[in-house]
Each structure stands twice: as C-alpha cells, then as structure tokens.
There are 2 protein chains.
Amino acid sequence: MNSYVVIMAGGSGERFWPLSRMRKPKQLLALTSSSMMIEEAIDRISPLIPHERILIITSEVLQQPLIDALPGIPSENVIAEPAKRNTAPCLALACSVIRAREAGNDALMAVLTADHFIGNADAFRADVSRALTFASTYDALVTIGIPPTRPETGYGYIHVGEPTVVPGVSHVVEFKEKPDVATALDYVRSGRYVWNSGMFFWRTEALRAAMMSVLPEVGNAIDGLTDDLATQNAQHMSAVFHALPDISIDYGVMERSHNVHVVPATFPWDDVGSWDALERMRPLDATQNVVDGVVTVVDTEGSIIVNAHGSAHTVTTVGLRDTVVVVTPDATMVCPKDRAQDVKRIVTELRTKDRHDIL
Amino acid sequence: MNSYVVIMAGGSGERFWPLSRMRKPKQLLALTSSSMMIEEAIDRISPLIPHERILIITSEVLQQPLIDALPGIPSENVIAEPAKRNTAPCLALACSVIRAREAGNDALMAVLTADHFIGNADAFRADVSRALTFASTYDALVTIGIPPTRPETGYGYIHVGEPTVVPGVSHVVEFKEKPDVATALDYVRSGRYVWNSGMFFWRTEALRAAMMSVLPEVGNAIDGLTDDLATQNAQHMSAVFHALPDISIDYGVMERSHNVHVVPATFPWDDVGSWDALERMRPLDATQNVVDGVVTVVDTEGSIIVNAHGSAHTVTTVGLRDTVVVVTPDATMVCPKDRAQDVKRIVTELRTKDRHDIL
C-alpha cells in the first residue's frame, strides 16, 4: 500500500504581515530557519515518503507561487482547491486525488501542516511512522496531539483516553473546542489533554468510509470527485467542490467518529502563530532580542527586530522594550510584543482602505 | 545705523536622526510646519530686516546646502566658519563681517536661532524690536529670555532683576548654568528666572568693547578679522580664527559683563530638542498621535509616527503607546517617546560602526 503526504498550504498571509502577503503566506517565509517553512516540512518528511507522493493542496492564487518555490515537487502535485471551503472538503479532494492516482487501490495518507515549527525531525518521523502504522493496521483515524506547555485558549484540545496495545498510541475520549482560560488550566493540569495539531493519518478508504458515515454531504462527493480527477473533468470537479459545505475535518469527522486514536508528540512544536513566536525558536542576543538583517540596537531588550528591506536600509532602536519592528521595502510594522496577534487588525484596516497593493 | 540679523546654523544632525543628517541638520528640516526651520526663521524676521542684511554663520560642510536651500539669501551672506569653535568666536566673526561691510560704521546686530519653534511671529518681532531699540539706545547687551513652563534641567537660566524704565526690559542679575531638578523647580516657582534662549542683541561696537574687556583672547581678534574680511585675506582670517579658544558667548561674555539686560519673551517657544517635541507643536489626531506621511495606525496612542520614506512605503502600528517611529529610505528608528533624547546614542553607535553613509 503506497503512502502519501498531504500538506494543506492555504493561508491568507495576515499574521506575519508585512513580511507575509496574500501571495506569500507564512509557509513561504523563512521564519524559523534559512529555509521556507514549507521546504522544511517537505524535507522533514522526505526520508519517509518520496516527493512524487507529496501533495500540496492550496488556493488558486498560491498554486503557481508554490510550484515556483518548490522545484523538487512535481508541479501536478501542487493542487488548487476550486474554491475556499474548509479542511473537510479539502481532505475529501486530497483523498480523491490519491484514489484516482492509485486506480482503486487503498493508500495511506498523512495529513501534515506547512507552517509549524517542529524541533526534532527524527522524533517527528518516529511519531508519524507510529501513527501511519497504527492507521494502516487497525483501520483507524489517527492524529498527533501536542502535550500542552501552557493553558493556551487559541487551540482545540483532545481528551486522551486509555492506551492501546501499541506503545505511544492512545484512544481518544473526545475532541474539545477552544476552551476558556479556567478550562484550559484544568486541561493542562490534568495531564490528560493534548493540543490538536491538525496532523491526521488514515487509509483513504477509512477516511471515505468515515466521511460517508458521519459527514455524507462531503463523503458522498468523493467517488464523483475521484472519477472527475481520473477523467480530468475539471469543470465538473469544480462544480461538485463548490457545492460542498464549509466544515472542518475536526468538527465534521473526527469529533463524530469512533475508532479515533492519538499519538502524543515526542517532538518540540510551535504553531508560529505570530511575530512573538520567533523568540521561542530563534537565537536571542545578549539582551533577549531576535535580530534579523542590518539592525543596530542600543539599550534594547526582549524585542524582535526584522529588517527585510535589504542591505541598503538600516533599522535602529534605542531604549526599546518588548516591541516588534518589521521593515520591508514597501511597509513597516511596529507593535508591542504582546499585541503581535493583532497584526491582522492592521491587515483588516488596510483592506478597508483598499490598499491591496501591500496586502 | 543699519541692523543685521545673524543666524547661527551649525548643528550636527544627531537629535532628529534618521531624518536629520550631518549634511541636513535640524534647521534644514520641515519639522514644525511645511517650511524648513531656517526658512521660518528668515521669514519671521524679514518684515524687520531685509534679506541683504541677514547673515547665516555655519560650518564648511553646511555652507553649500544652505546656499542651495535659501535662494532668497545672497550666497555671500552664508558664511562658513574656518573651524568649529563655539558661539563666542562665531559671533566675533559675525561682528567682523558686519564691521567690514559697514566700513567702520556702527551697526545693530540681532543674533537669532535657526532651529527653534516660535509660536507667534508678531509677538516675536515686537520683542526683537524692543531688544534692538534698547541695545541701540542704552549701549547694552540684551537677550530674550523664555518664561519657563517646566523645571527643565537642560537649559541655562537667567535671574531677572529690576525692570528698567523701558517696559518689557529688565536688568539681569546673573546667568545660571544648567541646574539640578530641585534648583530648577526653585527657579520656576520663584517667577524670577527665564530660560536662556540664545538670542542676543547689541551694537557691533558694544560687542567688540565687551569682548575686548572680558574675553580679550577673542575680542582682540576682531579688528584683524575685520581687516582680513575687508581685504579678502581668507588664509590669514582662517589662521586667526583657528587660534581662537572654544568658549561660549554666554560663559565668555554675557556672564562676565555688566549692562546686560533681558526681554522676557511674549511668544510661545520651544527648542525642538528631540522627536517628542513634535507633539507640542503639531496637530494631534484623535488619540494624541502625531502622524506624518503614509501611515496607518490601529489602537495607537500618544505616538509620533513619521514616514519620510515616500509614498511607496506605508508605516503601520497596532497597540502602540508613546513611541516614536521614523522611517526614511535608508534608515528606520524606533524608540519610546521618553527616550527620544537618546537618539544621539544611536548616532554614536553608528559612528563607531563606521556607518558614515547614513550619518
């Protein structure tokens, strides 16, 4: 049975603006190393699964930029969704692509993310192998969960149940939506909850069966999509896809299914959700600053100073504390570090001003 | 008797970096209006004294930039000091220039500043007229003093004595160096002290006599400098000037002289000493920001955001409080508003890094 990787690479480029843009979202940035995040994601999984079976599902606007950015991936593996739906339709499409390519044979499918930091590639591959083997052997829907390090209210949680007979794989009691702070604190203290990482592992036939059972308005489209892809009937495929509902794989399938299992991650993980994440994964200078590009700081602490304007521009600070400064050729952004998640409010404001030239 | 204006326009361009530079110091910037500060200074005094008798004393490096910037001023009126000394030698030179032009006739001399904010030009001209008339009539050394609005420790103070018979002109008891905070508070509370504005009024013969009496190492050079200027002996003039000591007019002449008088200013004044000064003299937006150029602010208060990069660049902020952001094509500077006086530390740091390209 062949194994495929599906990397969901949409993203609107709001949280890392002005470095990220509509046509250059986070996964196309080199935020955590000198490589683009999606390159890192591909390089990380390549020892397990060859490039020919790595599929990138993205939007029409990002398809060509991704093809250009990833010469090692066959261009026909970079697939544009005909419309922006949500993760359940996206993965039904990916499932259909694999089924069309495998001509009816069952296949293994690892759904990975394009824009997260993963601190130990060996541990990651070991966890992925464990999840894939379990999904293959037990016909299960498997996810990787991240042991929480703080009472984060921005993520979904997974209530981890009894261990299975396979080391490192547990039953899932329940998926939980984003909690309030008190509930998040209870979850973290209990030691029985992990963060929902958005990584999933299943056989294509297992996903199809689960979707047809618990989310038939999506699942029932898979056979038709598979046929459309096999016969290259793009027009019909697009029409079918447009009709699918906007629903997530978590809410639409995982929460409603039985035989759902979780592999608690053994690797460091960060969702790199906003500029302040850089200080968790980039080297700091003597006064706890992250500094990138031509930068001169004086008496500056705990700040993130990114000069992406080029070597003909110098970014300087004095007396600064806990501030983010990002400079590009056409836009500058400054905010307190603890307001980094509000950078998208600038993007919203620029959109209302019709400043699409810098979005 | 002809009246002359002498505007001292040196300045190293450190406090308003990165907008100000070595070759473009504060007086060449449009900080307080749409005109350069030195243009404002000239326009303000022009109703009293014609351009032909307005002299600009500056450094060799700024001479040509000032000639270019001020087409209304005869180029021979923009005079470069042969060396960087201090205000006493500078004004001895100015005195000599006027004496050479007036061929031995006495003249009135108003020494004004190039880079201060003056809020009411009519009141300013009334005070200048009062000072010039007093200096002319009573053979006095006259200064304009600024009634203090805060216990500033960065300025010298003047102890105001008894009023003279002329309304608005008082005797000076004593010049005081920059005080500590407690002393400054005492000065302000007493109502008997004004800030030293750096504006002076005297007859050329009165200045020459005072200098020869209390600062002969400078005063004795005036006759020679006058001859050198009359005969265009630039080489000898330069040699004489180089030999003069580095001493201020305040310390070298005003503090040591008798017959010194002060006109307390009746106009709003600000020395525009650093970026934070802008909020005292520029219109504020609804959340107390000073915003200049293409700028988008979200939930930002009490900040000074200057985009001098041009219209192809947008400066944005979110959640910012009391911060200065200045962006130019080749340099960006960010600092807390209450650290604006430390911008010169960035300049010092860049100098140690040999970044003269952006100084």
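Conventions and cut-offs
Residues numbered from 1 in each chain as written. Chains lettered and ligands numbered in written order. Predicted model: local features only at pLDDT ≥ 70, side-chain atom pairs only at ≥ 80, totals over all residues. Helix = DSSP H or I, 4+ residues; strand = E, 2+ residues; numbered from the N terminus. Rg over C-alpha atoms; globule rule 2.2 N^0.38 Å. Buried ≥ 20, exposed ≤ 12 C-beta atoms within 10 Å, placed from the backbone. Contact = placed C-beta atoms within 7 Å. Least-squares fit on C-alpha atoms with pLDDT ≥ 70 in both. Axes fitted to C-alpha atoms, helices over the stretch in contact; angles between N-to-C directions. Parallel < 35°, antiparallel > 145°, perpendicular 65-115°, else oblique. Left-handed = near helix turned anticlockwise from the far one by under 90°. Nonpolar A, V, L, I, M, F, W, Y, C, P; charged D, E, K, R; others polar. Domains from an automatic or database assignment. Pairing = 2+ DSSP bridges. Core = buried A, V, L, I, M, F, W, Y, C linked by C-beta atoms within 7 Å. Arc of directions from axis to C-beta.

Colleague: Hey, could you go over the overall build of chain A for me, with residue numbers and the actual values?
Modeller: Counting its secondary structure elements, chain A contains twelve helices and 17 strands. The C-alpha atoms of chain A give a radius of gyration of 21 Å, which matches the 21 Å a tight globule of 359 residues would have. Along the three orthogonal principal directions, the C-alpha set of chain A runs to about 60 × 50 × 40 Å. Expressed as a percentage of its 359 residues, the buried residues of chain A come to 50%. Of all intrachain contacts in chain A linking residues separated by at least 6 positions in sequence, the fraction that spans at least 24 positions is 63%.

Colleague: Describe the relation of the copies chain B and chain A, naming the residues involved and giving the relevant values.
Modeller: Mapping chain B onto chain A leaves a residual RMSD of 0.1 Å; the transformation is a rotation of 179 degrees accompanied by 0.0 Å of translation along its axis. The transformation relating the two chain copies, once decomposed into turn and shift, fits a two-fold axis. Looking at chain B, 100% of its interface residues are interface residues in chain A too, so the copies touch through the same face.

Colleague: Requested: an account of the packing of helix α3 (residues 87–102) of chain A against helix α6 (residues 204–214) of chain A, with residues and values cited.
Modeller: Residues and elements named next belong to chain A. Viewed as axis vectors pointing N to C, α3 and α6 meet at an angle of 135 degrees, and their least axial separation amounts to 10 Å. Between α3 and α6, the angle falls in the class oblique. When the axes of α3 and α6 are compared, the crossing they make is left-handed. Here L91, A92, C95, I98 and R99 of α3 lie close against α6, whose contacting residues are T204, L207, R208 and M211. Here the contact of α3 with α6 is built from residues that sort into six nonpolar, one polar and two charged.

Colleague: Help me get a handle on the domain arrangement of chain A, residues and values and all.
Modeller: Residues and elements named next belong to chain A. Looking at the assigned domains, one finds that chain A contains domain 1 (3–270) and domain 2 (275–358). Computed from C-alpha atoms alone, the centre-to-centre distance between domain 1 and domain 2 is 30 Å. A per-class count over the side of domain 1 that touches domain 2 returns six nonpolar, one polar and three charged.

Colleague: Describe unusual backbone geometry, listing the residues and the values that go with them.
Modeller: A cis geometry characterises the amide bond from W17(A) onward to P18(A), with omega recorded as 10 degrees. The backbone phi angle of D322(A) is positive, close to 50 degrees, even though this residue is not glycine. Positionally, D322(A) belongs in the loop between β15 (314–318) and β16 (323–327). A positive phi is found at A103(B), a non-glycine position, where the angle reads about 50 degrees. Secondary-structure assignment places A103(B) in the loop between α3 (87–101) and β4 (108–113).

Colleague: Go over the pairing of strand β6 (residues 141–146) of chain A, please, and point to the residues and values.
Modeller: Residue and element names in this part refer to chain A. Where burial is concerned, most of β6 is hidden: six out of the six residues are buried. On β6, burial covers both faces: L141, T143 and G145 on one face and V142, I144 and I146 on the other are all buried. In this structure, β6 lies alongside strand β10 (residues 260–264), joined through five bridges in parallel fashion. Each bridged residue has a counterpart across the sheet, and for I144 the counterpart in β10 is V263. As judged from the four bridges shared by β6 and strand β9 (residues 193–203), these two strands associate in the antiparallel manner. From the neighbouring strand, I146 faces β9, where its bridge partner is W195.

Colleague: Hey, could you go over the nonpolar core for me, with residue numbers and the actual values?
Modeller: Ranked by internal contacts, the top residues of the largest apolar core, which has 242 residues, are V6(A), I7(A), V6(B) and I7(B). Aside from chain neighbours lying at most four places away, what touches I7(A) is I38(A), A41(A), I54(A), I56(A), L112(A) and A114(A).

Colleague: For the interface of chain B and chain A, give the residues involved together with the corresponding values.
Modeller: With 31 residues of chain B at the contact, the number on the chain A side is 31 residues. Listing elements by their share of the side of chain B that touches chain A, those giving two or more residues are β13 (295–298), β15 (314–318), β16 (323–327), β17 (331–336) and α12 (343–352) of chain B. Tallied by class, residues from the side of chain B that touches chain A come to 16 nonpolar, eight polar and seven charged. The sheet contact formed by strand β17 (residues 331–336) of chain A and β15(B) spans four bridges and is parallel. The residue bridging V334(A) from the neighbouring strand is T317(B), located in β15(B).

Colleague: With reference to specific residues and values, describe the sheet that holds β16(B).
Modeller: Taking strand neighbours across the sheet as the criterion, the six strands line up as β13(A)-β15(A)-β17(B)-β16(B)-β14(B)-β12(B) in an open arrangement whose pairing is mixed. Of all strands in the sheet, those bounded by a partner on one side alone are β13 (295–298) of chain A together with β12 (290–292) of chain B. Each adjacent strand pair in this sheet contributes to an overall mean axis angle of 5 degrees, direction not counted. Packing of α12(B) onto the sheet brings it into contact with β13 and β15 of chain A together with β17 of chain B, and relative to β13(A) it is tilted by some 130 degrees.

Colleague: Which residues make up the pairing of β4(B), and what values go with them?
Modeller: Residues and elements named next belong to chain B. Burial analysis of β4 places five of its six residues in the buried class, which makes it a mostly covered element. Bridge count for strand β1 (residues 3–8) against β4 is six bridges, and the pairing is parallel. Counted as the bridge partner of V5 is A110 from β4. Relative to strand β9 (residues 193–203), β4 is paired through four bridges, and the arrangement is antiparallel. Counterpart to M109 in the pairing with β9 is W202.

Colleague: Describe the packing of α3(B) against helix α8 (residues 222–230) of chain B, and please don't skip the residues or the numbers.
Modeller: Residue and element names in this part refer to chain B. The geometry of α3 relative to α8 is characterised by a closest axis approach of 8 Å and an angle of 50 degrees between their N-to-C directions. Put simply, α3 runs oblique to α8. Seen from above, α3 lies across α8 with right-handed handedness. Residue-level contacts link A92, L93, C95, S96, V97, R99 and A100 of α3 to I222, L225, T226, L229 and A230 of α8. Of the residues in the contact of α3 with α8, the class split is nine nonpolar, two polar and one charged.

Colleague: Can you tell me about helix α9 (residues 234–242) of chain A, naming the residues and giving the values?
Modeller: Residue and element names in this part refer to chain A. Among all positions of α9, only M237, V240 and F241 are buried. Buried residues of α9 fall within an arc of 95 degrees about the axis and therefore sit on the same side. Seen from the open side of α9, the exposed residues pointing more than 90 degrees away from its buried face are Q235 and H242. Here the buried face of α9 lies against α3 and α8 (222–230).

Colleague: I'd love a proper account of the environment of D292(B), names of residues and values included.
Modeller: Note that D292(B) resides in strand β12. Not counting the four nearest positions on each side in its chain, D292(B) is found in contact with V306(B) and N307(B).

Colleague: Help me get a handle on the sheet that holds β16(A), residues and values and all.
Modeller: Pairing is mixed in the open sheet, where six strands are placed in the order β12(A)-β14(A)-β16(A)-β17(A)-β15(B)-β13(B). Edge positions in the sheet fall to β12 (290–292) of chain A together with β13 of chain B, since each of these pairs with one other strand and no more. Each neighbouring strand pair of the sheet contributes to a mean axis angle of 5 degrees, computed without reference to strand direction. Two elements, β16(A) and β17(A), share five bridges in a ladder whose sense is antiparallel. Bridge pairing in β17(A) links V325(A) to V334(A). Those strands touched by helix α12 (residues 343–352) of chain A are β17 of chain A together with β13 and β15 of chain B, and its axis lies near 130 degrees from that of β13(B).

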